[in-house]
Amino acid sequence: MTDSQLSGPEPDPAGDAGHAGHPPRVGFFTDTSVCIGCKACEVACKEWNALSEDGFTLTGMSYDNTAGLGASTWRHVAFIEQSAPPVPAPEGRRELPLVQDASQSAGGEFRWLMSSDVCKHCTHAACLDVCPTGSLFRTEFGTVVVQEDICNGCGYCVPACPYGVIEQRPSDGRAFKCTLCYDRLGAGQEPACAKACPTESIQFGPLDELRERAALRVDQLHAAGVPEARLYGHDPTDGVGGDGAFFLLLDEPEVYGLPPDPVVTTRDLPAMWKHAAAAALSLAGGVALSFALPALARGKAQVRR
Ligand code: SF4
Ligand code: SF4
Ligand code: SF4
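Everything numeric here is computed off the predicted structure, so don't read it as measured data.

## Observations concerning the UniProt feature "binding site: [4Fe-4S] cluster 3" (unreviewed entry) in the chain
Link 1 in the chain: When the UniProt feature table is mapped onto this chain numbering, "binding site: [4Fe-4S] cluster 3" (unreviewed entry) sits at Cys119, Cys122, Cys127 and Cys161. Their sequence span is 43 residues, while the largest C-alpha to C-alpha distance among them is just 11.0 Å; these annotated residues converge on one region.
Link 2 in the chain: With respect to the element layout, Cys119 can be found in the loop between strand E4 (109-118) and helix H4 (126-130).
Link 3 in the chain: As for its placement among the helices and strands, Cys161 is situated in the loop between helix H5 (157-160) and strand E7 (167-168).
Link 4 in the chain: Look at Cys161 and you get buried, because 24 C-beta atoms sit within 10 Å.

Laid out in structure tokens, this is it:
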């Protein structure tokens, strides 16, 4: 594997994985500004993939019972409650919904940030790079899929993921995550979560088209008086070569539990191996010298006698 396949811009991940004549790369653009937190995506994912429920106890941190992505939660809708200063809407436009908070006597306002999180199907996917069995692989659609019948439960992929997405199932140690509905894509169907979303917050399609659509949506929101709208994971020059699943956010990534500057964790592997090889060579040279020098000294002493 070359350095460029581990990091940096990578225009054709499926082709470089050996898929000749592959279809266009597909992915998700999740526009969190129109998410209503209905969780239809979470439920559709569980239903299609026959995933178990996670219990119905609220976390106490928010109106949430799943808390994050995991082995049985491949879509997770975050509910983030935020104080928000009143923002005057530009003339002729409606502002994003702000709700009067009855608990704030000063008439303060708050807003919900809702965001449906998922595996990012990274251009440079460290989970795939470190998998020793080939359970994780790059599909012809450019997505990253884990195969439950090949996973041996080693867990190497879990710390390798810069987003904390993939998780081992406690009962048998095998790793699970979103497959971007590989089975449905093969049958020409869109993923179950995107199909179930009533507001088109989750948009599925060719990645190039989604990036264009997302840039237009950001311009639209800025013109509508929402300057905080920004894209996350769309940039092919970022630390993971851009995500196959990227987002429009209304605040900093950290607010949504996303790393602000993710980097593929295998990026430095070639340099580390070079340093390790140099260190091993020096050690071997030192050991050889430690035997050779005394032998040389003994030889000289015998010659003098
Ligand atoms: S987000 Fe994590 S699990 Fe998903 S492809 Fe990237 S490295 Fe793999
Ligand atoms: S693409 Fe399929 S597997 Fe992935 S979150 Fe959506 S429904 Fe679940
Ligand atoms: S289905 Fe759509 S609107 Fe409902 S929670 Fe999921 S992303 Fe948000």
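## Let's talk about the UniProt feature "binding site: [4Fe-4S] cluster 1" (unreviewed entry) in the chain
Link 1 in the chain: Using the residue numbers shown here, the UniProt feature "binding site: [4Fe-4S] cluster 1" (unreviewed entry) corresponds to Cys35, Cys38, Cys41 and Cys197. A maximum C-alpha distance of 10.5 Å places the annotated residues, which cover 163 residues in sequence, within one compact spot.
Link 2 in the chain: Note that Cys38 resides in the loop between strand E1 (26-31) and helix H3 (40-49).
Link 3 in the chain: Within the fold, Cys197 resides in the loop between helix H7 (192-196) and strand E9 (202-206).
Link 4 in the chain: Excluding residues within four positions of it along the chain, Cys197 makes contact with Ala40, Cys41 and Ile202.

## What to know about the site of ligand 2
Link 1 in the chain: Near ligand 2, the surroundings consist of 14 residues, among which Cys45, Cys178, Cys181, Pro191 and Cys193 are the closest.
Link 2 in the chain: Broken down by element, the shell around ligand 2 gets its largest block of residues, 4 residues, from H3.
Link 3 in the chain: For the shell around ligand 2, the residue count by class is 11 nonpolar, 2 polar and 1 charged.

## Concerning the nonpolar core
Link 1 in the chain: With 57 residues, the main nonpolar core has Cys41, Cys127, Val144 and Cys193 as its most contacted residues.
Link 2 in the chain: The dominant element in this core, judged by the number of residues it contributes, is strand E11 (residues 245-249), at 5 residues.
Link 3 in the chain: Residues in contact with Cys193, not counting those within four places in the same chain, are Cys41, Ala44, Cys45, Arg75 and Ile202.

## Comments concerning the environment of Val264
Link 1 in the chain: Here Val264 shows up in the loop between E11 and helix H9 (269-304).
Link 2 in the chain: What makes Val264 buried here is the crowd of 24 C-beta atoms within 10 Å.
Link 3 in the chain: Once the C-alpha coordinates of Val264 and His124 are considered, the two residues, 140 residues apart in sequence, prove to be 6.4 Å apart.
Link 4 in the chain: The contacts of Val264, once residues within four sequence positions are left out, are Leu6, Ser7, Cys122, His124, Ala126, Pro162, Gly239 and Val240.

## Brief notes about helix H8 (residues 207-223)
Link 1 in the chain: Taking 1.5 Å as the rise per residue, H8 with 17 residues should run 24 Å; its terminal C-alpha atoms sit 24 Å apart, in good agreement.
Link 2 in the chain: Among the residues of H8, Leu207, Leu210 and Ala214 are the ones counted as buried. Taken down its axis, H8 places every buried residue within 50° of arc, on the same side. Facing away from the buried side of H8 by over 90 degrees, the exposed positions are Asp208, Glu212, Leu216, Asp219, Gln220 and Ala223.

## Some thoughts on the sheet that holds E9
Link 1 in the chain: The mixed open sheet is built from 4 strands, whose spatial order is E9-E1-E11-E10. Each having just a single partner strand, E9 and strand E10 (230-232) make up the two edges of the open sheet. Between one strand axis and the next, the sheet turns through 25° on average, direction left out of account.
Link 2 in the chain: Pairing geometry for E10 and E11, over 3 bridges, is antiparallel. Each bridged residue has a counterpart across the sheet, and for Arg230 the counterpart in E11 is Leu249.
Link 3 in the chain: Against the sheet, H8 touches E1, E9, E10 and E11, its axis set at about 135° to E9.

## Quick look at H3
Link 1 in the chain: Turning to H3, its buried residues number three or more, namely Ala40, Cys41, Glu42, Ala44, Cys45 and Lys46.
Link 2 in the chain: Where H3 is buried, its residues touch strand E2 (75-84), E4, H7 and E9.
Link 3 in the chain: Immediately beyond the C-terminal end of H3, within one or two residues, lies Ala50, with a positive phi of roughly 50°.

## A few points about unusual backbone geometry
Link 1 in the chain: The phi dihedral of Ala67 is positive, around 70°, even though this residue is not glycine.
Link 2 in the chain: Along the chain, Ala67 turns up in the loop between H3 and E2.

## Here we look at the environment of Arg111
Link 1 in the chain: In this fold, Arg111 is placed in strand E4.
Link 2 in the chain: Given 18 C-beta atoms within a 10 Å radius, Arg111 is considered partly exposed.

Rules behind the numbers
- Residues numbered from 1 in each chain as written.
- Chains lettered and ligands numbered in written order.
- Predicted model: local features only at pLDDT ≥ 70, side-chain atom pairs only at ≥ 80, totals over all residues.
- UniProt positions renumbered as here; feature names shortened; annotations may be inferred.
- Helix = DSSP H or I, 4+ residues; strand = E, 2+ residues; numbered from the N terminus.
- Buried ≥ 20, exposed ≤ 12 C-beta atoms within 10 Å, placed from the backbone.
- Contact = placed C-beta atoms within 7 Å.
- Near = placed C-beta within 6 Å.
- Nonpolar A, V, L, I, M, F, W, Y, C, P; charged D, E, K, R; others polar.
- Core = buried A, V, L, I, M, F, W, Y, C linked by C-beta atoms within 7 Å.
- Expected span 1.5 Å × (residues − 1).
- Arc of directions from axis to C-beta.
- Pairing = 2+ DSSP bridges.
- Axes fitted to C-alpha atoms, helices over the stretch in contact; angles between N-to-C directions.

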